[in-house]
Amino acid sequence: MNTAELIWMNGEFIAWEDAKVHVLTHGLHYGTGVFEGIRAYDTERGTAIFRHQDHLDRLQRSAELYYMPLPYSLAELRDATHELIVRNGLRSCYIRPIVFRGYGPMGLDPLENPVEAAIAVWEWGAYLGEEGKLHGVRAKVSSWQRISPDSLIPHAKASGQYLNSVLAKIEASKAGYEEAILLDHHGNVCEGTGENIFVIRDGAIVTPPHSASILDGVNRRSAMEIARDLGYEVVERDVARAELTLADEIFLTGTAAELTPVRSIDDHELGPPGEITREVQRVFDDALHGRSERYAKWLDVVEVPSKA
Ligand SMILES: Cc1ncc(COP(=O)(O)O)c(C=O)c1O
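This brings us to the overall build of the protein. Counting its secondary structure elements, the protein contains eight helices and 17 strands. Computed over C-alpha atoms, the radius of gyration of the protein comes to 19 Å, within 12% of the 19 Å expected from 2.2 N^0.38 for 308 residues, which places it in the range of a compact globule. When the backbone C-alpha atoms are referred to their principal axes, the protein occupies close to 55 × 50 × 30 Å. Within the structure as shown, the protein displays about 14,200 Å² of accessible surface, and the carbon and sulfur contribution to it stands at 51%. Mean positive and mean negative side-chain charge positions of the protein (31 and 47 charges, respectively) differ by 2 Å.

Neighbouring the ligand are 17 residues; Lys157, Tyr162, Val218, Asn219 and Thr255 lie closest to it. Between the ligand and the protein, one listed contact pairs an oxygen atom with a side-chain N or O atom of Lys157 at 2.7 Å. Protein chains bury 96% of the 380 Å² of accessible surface belonging to the ligand in isolation. Among the detected pockets, the ligand sits in the largest pocket. Only α2 (52-65), α6 (218-229) and β14 (249-254) provide two or more residues apiece to the shell around the ligand. Among the residues making up the shell around the ligand, the classes are represented as three nonpolar, nine polar and five charged.

Taken N-terminus to C-terminus, the directions of α2 and helix α3 (residues 74-87) make an angle of 130 degrees; their axes are 10 Å apart at the nearest point. With respect to α3, the element α2 is oriented oblique. Once α2 is placed against α3, the crossing between them reads as right-handed. Contacts between α2 and α3 pair His52, Gln53, Leu56, Asp57, Leu59 and Gln60 from the former with Leu74, Leu77, Arg78, Thr81 and His82 from the latter.

With that settled, consider the side chain of Thr207. By the element assignment, Thr207 lies in strand β12 (residues 204-207). Among residues more than four places away in sequence, those in contact with Thr207 are Ile197, Phe198, Arg220, Met224, Val235, Glu236 and Arg237.

One finds Ile85 and Ile95 to be the most contacted residues of the largest nonpolar core, which totals 26 residues. Mapped onto this core, the elements with two or more residues apiece are β1 (6-9), β4 (38-43), α2, α3, β6 (93-101) and β7 (115-122). Tallying contributions element by element places α3 first for this core, with five residues. In contact with Ile95, other than residues within four places in its own chain, are Glu36, Gly37, Ile38, Arg39, Ala40, Ile49, Thr81, Ile85, Ile119, Ala120 and Val121.

Let us now look at α3. Look at α3: 20 Å from first C-alpha to last across 14 residues, which is about the 20 Å you get at 1.5 Å a residue. Taken together, the buried positions of α3 are Leu74, Leu77, Ala80, Thr81, His82, Leu84 and Ile85. Following α3 by one or two positions, Gly89 adopts a phi angle in the positive range, close to 65 degrees.

Turning to the pattern of salt bridges, a few remarks are in order. For the coordinates displayed, the defined rule picks out 20 salt bridges. Of the charged contacts in the structure, one is a salt bridge between Asp42 and Arg91, with a shortest N-O distance of 3.2 Å. Of the two residues, Asp42 sits in strand β4 while Arg91 sits in the loop between α3 and β6, which places them 49 residues apart along the sequence. By relative accessible area, which is 37% here, Asp42 ends up partly exposed. Given the relative accessible area of 52%, Arg91 is considered exposed. Salt-bridge contacts for Arg78 lead to Asp79; the nearest nitrogen and oxygen are separated by 3.8 Å.

Looking now at unusual backbone geometry. Its identity as a non-glycine residue notwithstanding, Asn10 has a phi of 45 degrees, on the positive side. By secondary structure assignment, the location of Asn10 is in the loop between β1 and β2 (12-15). At Tyr67, a position not held by glycine, the phi torsion is positive, near 55 degrees. Checked against the element boundaries, Tyr67 lands in the loop between α2 and α3. Since its relative accessible area comes to 64%, Tyr67 is described here as exposed.

Okay, the packing of aromatic side chains next. Evaluated as defined, the whole model comprises 10 aromatic pairs. Look at Trp122 and Trp124: their rings are 5.8 Å apart centre to centre, the planes differ by 55 degrees, and that puts the pair in the tilted class. Given the relative accessible area of 31%, Trp124 is considered partly exposed. When the centroid spacing of 4.7 Å and the interplanar angle of 15 degrees are considered together, the rings of Tyr295 and Trp298 count as stacked. Taken together, the aromatic side chains of Phe50, Phe284, Tyr295 and Trp298 make up a single cluster linked through ring pairs. Taking NZ or CZ as reference, Arg87 lies 4.3 Å from the ring centre of Phe13, over its face.

Definitions and limits used
Residues numbered from 1 in each chain as written. Predicted model: local features only at pLDDT ≥ 70, side-chain atom pairs only at ≥ 80, totals over all residues. Heavy atoms only, no water. Helix = DSSP H or I, 4+ residues; strand = E, 2+ residues; numbered from the N terminus. Rg over C-alpha atoms; globule rule 2.2 N^0.38 Å. Areas by Shrake-Rupley, 256 points an atom, 1.4 Å probe, with all protein chains shown as cover. Lys, Arg positive; Asp, Glu negative; His and termini not counted. Charge placed at Lys NZ, Arg CZ, Asp CG, Glu CD. Near = heavy atom within 4 Å. Polar contact = N/O pair within 3.5 Å; in protein donor to acceptor, adjacent residues only side chain to side chain. 1 Å grid on protein atoms, 1.4 Å probe; cavity = no way out; pocket = protein on both sides within 12 Å on 5 of 7 lines; lining within 4 Å. Sits in = over half its atoms within 2 Å of the grid points. Nonpolar A, V, L, I, M, F, W, Y, C, P; charged D, E, K, R; others polar. Axes fitted to C-alpha atoms, helices over the stretch in contact; angles between N-to-C directions. Parallel < 35°, antiparallel > 145°, perpendicular 65-115°, else oblique. Left-handed = near helix turned anticlockwise from the far one by under 90°. Contact = heavy atoms within 4.5 Å. Core = buried A, V, L, I, M, F, W, Y, C linked by side-chain atoms within 4.5 Å. Buried < 20%, exposed > 50% of the residue type's maximum accessible area, 1.4 Å probe, protein only. Expected span 1.5 Å × (residues − 1). Salt bridge = Lys/Arg side-chain N within 4 Å of Asp/Glu carboxyl O. Phe/Tyr/Trp six-rings, centres within 6.5 Å; stacked < 30°, edge-to-face > 60°. Lys NZ or Arg CZ within 6 Å of the ring centre and 35° of its normal.

Printed below as a string of structure tokens:
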């Protein structure tokens, strides 16, 4: 169970067990919420939130795409997050801001329902396991297709949309795999259930483009920048399913999973994490943990208020 002492909800710091909503909350019935997954790391400069502003910007874009005015400014949400981490006494944590349509009229038109906001923080280890980060995970191409722009908004990180990831995740774990890879509505490779994907062949790094229904991952952008800085060519283009099997290396990026190598796809062995994956992963981990001067620009250091 993930817990901390306090949660921030609608402008107030309240006890974890008091962070409750009405059972007729609109978001609970119809998925009308948008959220973020963010991580803060214990660095030499103190607790630092990785690419905080980029996550908050995406939260705002997701809300806008679903006609949800944010009830707080991004600066207010940032400050509340800092204070929440300090008040909970956490040095590193996962951060989950959520903005959702609350209790009100029960029809599908949500525009009269209040927009509520909450932020939770808790300690959370490697999502696909420490073992997975070190040695790679076994993945399976899902029978579920990633949501398409014909019916939902792949660019939004919206609660209801995650039923798609949930189905793919259940299918993969019941079949004994650690992660699912979803194809897009054209049958091209899209992403994992909560991660973007990178495919490496003959020294070139390829990742599916925005038009392949991906979520515009913050860590995808970081990995692309790092790989290019390391001198690799990174190409955004459609990736055919067979390229997964033919790949020399594959890795996933996401806030929860960080950078996790894939060691087999549909039981085709790719082998232990390859050289390029390990090199990008090493620099990426240095960036996350504040060990890199070059990428210090990505850290939002939490200020501990000085005692008066
Ligand atoms: C469906 C999906 N794709 C990709 C990602 C990776 O995004 P990020 O790197 O911003 O965490 C996530 C995680 O937020 C996700 O849920």
